[in-house]
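Reading the structure
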Amino acid sequence: MARPLIFLLATMTLAGCLVDCGGAPSRPASVSSEALWGGDAKKGVFLKVNGHQGTLWQLEVWNRKGQLLGAGGFRLRGFGKARIIPDEIIGWENGALHLKDGTWLVPEPAASH
């Protein structure tokens, strides 16, 4: 009798850790339904890619709580890319998006008139 109980408790603990320790969090209402989760549980973000022209990517980035971290043009610093996919994301660091290959997407300064 003790074995099924131990197995059940171990399974529930593992399932709880998988939900809390990794994977995509539930999407807050403030995050676009088109945004996808990328990165780890601590530094990951929801990312919506709106297209690009050359190395300038139009992005919207939210944290796991649904707070908008950045939106607009982001300049690619590093390797050229045909697409940005959430699996490449390490996380949001110092106002820029860090990708696994060492590439960064850095906010493009607004043009002054």
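Each remark here, short or long, concerns the structure printed above.
Read on for a plain summary of the structure. Note that the structure is a prediction, hence the values are computed from the model and not measured.

1. Quick notes on the pairing of strand 2 (residues 45-53)
Relative to strand 2, strand 1 (residues 36-38) is paired through three bridges, and the arrangement is antiparallel. Looking at the pairing, Leu36 lines up with Leu47 of strand 2. With antiparallel pairing between neighbouring strands as the criterion, strand 1 and strand 2 make up a hairpin whose turn holds six residues, including Gly39 at a positive phi of roughly 100°. Counting the residues between successive antiparallel strands, the hairpin from strand 2 to strand 3 (residues 56-62) contains two residues, one of them, Gly54, with a positive phi of roughly 65°.

2. Some points on the pattern of salt bridges
Overall, the coordinates contain six salt bridges when judged by the stated rule. The residue Glu34 makes a salt bridge to Lys48 at a minimum N-O spacing of 3.5 Å. Placement of Glu34 in the loop between helix 1 (2-21) and strand 1 and of Lys48 in strand 2 is noted, with a sequence separation of 14 residues between them. According to the relative accessible area criterion, Glu34 is exposed, its value standing at 57%. The exposure class assigned to Lys48 is buried, which follows from its relative accessible area of 15%. A salt bridge links Lys81 to Asp101, with the shortest nitrogen-to-oxygen separation between them at 2.6 Å. Highlighted residues: Lys81 in the loop between strand 4 (68-77) and strand 5 (89-93) and Asp101 in the loop between strand 6 (96-99) and strand 7 (104-107), separated in sequence by 20 residues. For Lys81, a relative accessible area of 17% gives the class buried. Linked through salt bridges whose partners overlap, the residues forming this network are Glu34, Lys48 and Glu60.

3. Details of the sheet that holds strand 5
Pairing in this open sheet of seven strands is antiparallel, and the strands run 1-2-3-4-7-6-5 from one edge to the other. Two strands lie at the open edges of the sheet, namely strand 1 and strand 5, each paired on one side alone. With direction set aside, neighbouring strand axes in the sheet form an average angle of 35°. Taken together, the six bridges between strand 2 and strand 3 define a ladder with antiparallel strand orientation. Within strand 3, the position partnered with Phe46 by the bridge is Trp62.

About the thresholds
- Residues numbered from 1 in each chain as written.
- Predicted model: local features only at pLDDT ≥ 70, side-chain atom pairs only at ≥ 80, totals over all residues.
- Heavy atoms only, no water.
- Pairing = 2+ DSSP bridges.
- Helix = DSSP H or I, 4+ residues; strand = E, 2+ residues; numbered from the N terminus.
- Salt bridge = Lys/Arg side-chain N within 4 Å of Asp/Glu carboxyl O.
- Buried < 20%, exposed > 50% of the residue type's maximum accessible area, 1.4 Å probe, protein only.
- Axes fitted to C-alpha atoms, helices over the stretch in contact; angles between N-to-C directions.

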